[in-house]
Every structure is written in structure tokens, then in C-alpha cells.
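# Reading the structure
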Amino acid sequence: MSKIFTPTNQIRLTNVAVVRMKKNGKRFEIACYKNKVVSWRNGIEKDIDEVLQTHSVFTNVSKGQVAKKEDLQKIFDTDNSTDICKHILEKGELQISDKERSAQLDASYKDIATIVADKCVNPETKRPYSVTMIEKAMKDVHYSVKPNRNSKQQALDVIRLIKTVLPLDRAMMRLKVESTSKDAKKLKEKFVALASSVESENWDSGEITLILLIDPGNYRQIDELVRSDSKGTTQMEVLSLKEVVEGDTFLD
């Protein structure tokens, strides 16, 4: 589908990618730019105008048939076409050829495996796995890519699933926290409580420096603790995203 016309306003649309949704027995479609739908779903593209060719909601894009406002209101509880377009964009099915769909699924599969390999380690050796090993584990648990979910969301599902066939832990984050706050001792206790381990603790003239290993899931809480110091006497720095011994290589 390379060119279409909308009879309502005669705007010529080219390079069209159609996203379709069936709801309450009715079909709704939106006209998007090719390659932008996946970018939007993965959070890469933020500007909806770079994704939608028009903010109109159609019953048939190729014929230029625009959906009736009363149908939109009844089925989507709003007649705001932009909001409805966003909903269809996120939940609808991208209409592509079998060859394009296969290529996209293969790319998403590798993208998910890459994210998992980057965020996880073997809990026994503390070394990362190769992308190839993660892909093999995904095949072992018969994981299928879900086109309507972004790669980061699916990576979390994969981490949970492949633990049944592969020893796996989230890689630790290494943080340096420094504080000259008068409440440094109380802050230290809170930081340590959120850490998996304390690599080092140094006091120098009332200033504390901590090197912590934390689960990435606790990062936000630690960041909030740092921000709660309204005088700016507490600072944090991410030293590394993986607990990897220098000189380590990927496991084969």
C-alpha cells in the first residue's frame, strides 16, 4: 500500500503503515509512517506527529473512509481523535507483509536478548552471558516475541522465564555516595539498608564516602534519598552497571 487518498480532504498519503484494531465488532485504522510505529512502541520516538500521517481515525485507510464521531464516542468513550490514535497505536496490530513481520520479529528477538545479556550475569561467576546464550535459553523456554510490547518490557518477562533453564541474576550497579551532611550517619544507615553489599566505607573530616553494590531495582529509592538532602551536601555517582571483574570475557 504505497499511496492512498482521503476523499474527505483529498490529502495524499504516501509511505503508509496501517495499524488496525477491532473493537466491539467494528474495525478502526490509523495511517502511520513506516518504521515509526515500532520506534514509538519502543519509546524511541516521542513526537506523535512524527508517527501519524494524519490524526484521523479510519474504518478503512486505503479507501479513505473516516470513522464516525458517534462510533468513536460510543466505543472509546471519547471523540478526541489524537487520544484514540495513541490507543490504537499502542494496542492495535501493525499491518505488514509476512516477510516484513518475520524480519521485525527476528530483530526484536535479538534486541530482547541483547538487553537481557546487558542487564544480567551468571550469579556463580558474576560474569555476563553472550547474546547467543541468552537467545538459546529463550528458544529452550519457547519464548515468542509479542509485537505489541516493547523490548524492555519483554526483557523483564524473559529474565523471569529463562531462570528455569539458566542461572541468572540482575547485574549489580556500583555506586559511589558522598555526603558532608550533618545527618550523614543516619543517611549511611539508609543507604546500606538498600545495598546488596558495601565495598568500602571511608570517613574523612566529617565526610563519608561509600562504594555500594545495589540491585538496579533499588536505584530510585537511593536517588530519592540523595535528592532529599535539600542543601546538596549528598552526591551520588554510578561507577558501573555490571559486577564484572576486570579482564572478564563473555561466556561461550
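Note: the structure precedes this text.
Computed from a predicted model, the values in this text were never measured in an experiment.

Across a sheet, paired strands are connected by hydrogen bonds in the backbone, their directions being either parallel or antiparallel. Across the sheet, which stays open at both edges, the four strands sit in the order β11-β12-β10-β13 with antiparallel pairing between neighbours. Edge positions in the open sheet fall to β11 (197-204) and β13 (234-240), since each of these has one partner strand only. Taken pair by pair, the neighbouring strands of this sheet meet at an average axis angle of 15°, ignoring direction. Strand direction decides the pairing type here: strand β10 (residues 173-179) and strand β12 (residues 207-214), joined by seven bridges, are antiparallel. Of the residues in β12, the one forming a bridge with Arg174 is Leu213. Sheet strands touched by helix α8 (residues 219-227): β10, β12 and β13. Its angle to β13, the strand with the most contacts, is close to 150°.

Below, the discussion takes up helix α3 (residues 81-91). An α-helical segment advances 3.6 residues per turn. Residues three or four places apart therefore align on the same side. Turning to α3, its buried residues are Ile84, Cys85, Ile88 and Leu89. Considered in projection along α3, the buried side chains sweep an arc of 140° and stay on one side of the axis. Buried residues belonging to α3 abut β3 (16-23), β4 (26-33), α1 (36-41) and α2 (69-76). The N-cap residue of α3 is Asn80: its side-chain oxygen and the backbone nitrogen of Thr82 are 3.1 Å apart.

Turning to unusual backbone geometry, a few remarks are in order. Its identity as a non-glycine residue notwithstanding, Asp77 has a phi of 60°, on the positive side. Structurally, the position occupied by Asp77 is in the loop between α2 and α3. One non-glycine residue with positive phi stands out, namely Ser205, at about 55°. Examined against the element boundaries, Ser205 turns out to sit in the loop between β11 and β12. Using a relative accessible area of 78% as the deciding quantity, one classes Ser205 as exposed.

The rules behind these values
- Residues numbered from 1 in each chain as written.
- Predicted model: local features only at pLDDT ≥ 70, side-chain atom pairs only at ≥ 80, totals over all residues.
- Heavy atoms only, no water.
- Pairing = 2+ DSSP bridges.
- Helix = DSSP H or I, 4+ residues; strand = E, 2+ residues; numbered from the N terminus.
- Axes fitted to C-alpha atoms, helices over the stretch in contact; angles between N-to-C directions.
- Contact = heavy atoms within 4.5 Å.
- Buried < 20%, exposed > 50% of the residue type's maximum accessible area, 1.4 Å probe, protein only.
- Arc of directions from axis to C-beta.
- Polar contact = N/O pair within 3.5 Å; in protein donor to acceptor, adjacent residues only side chain to side chain.

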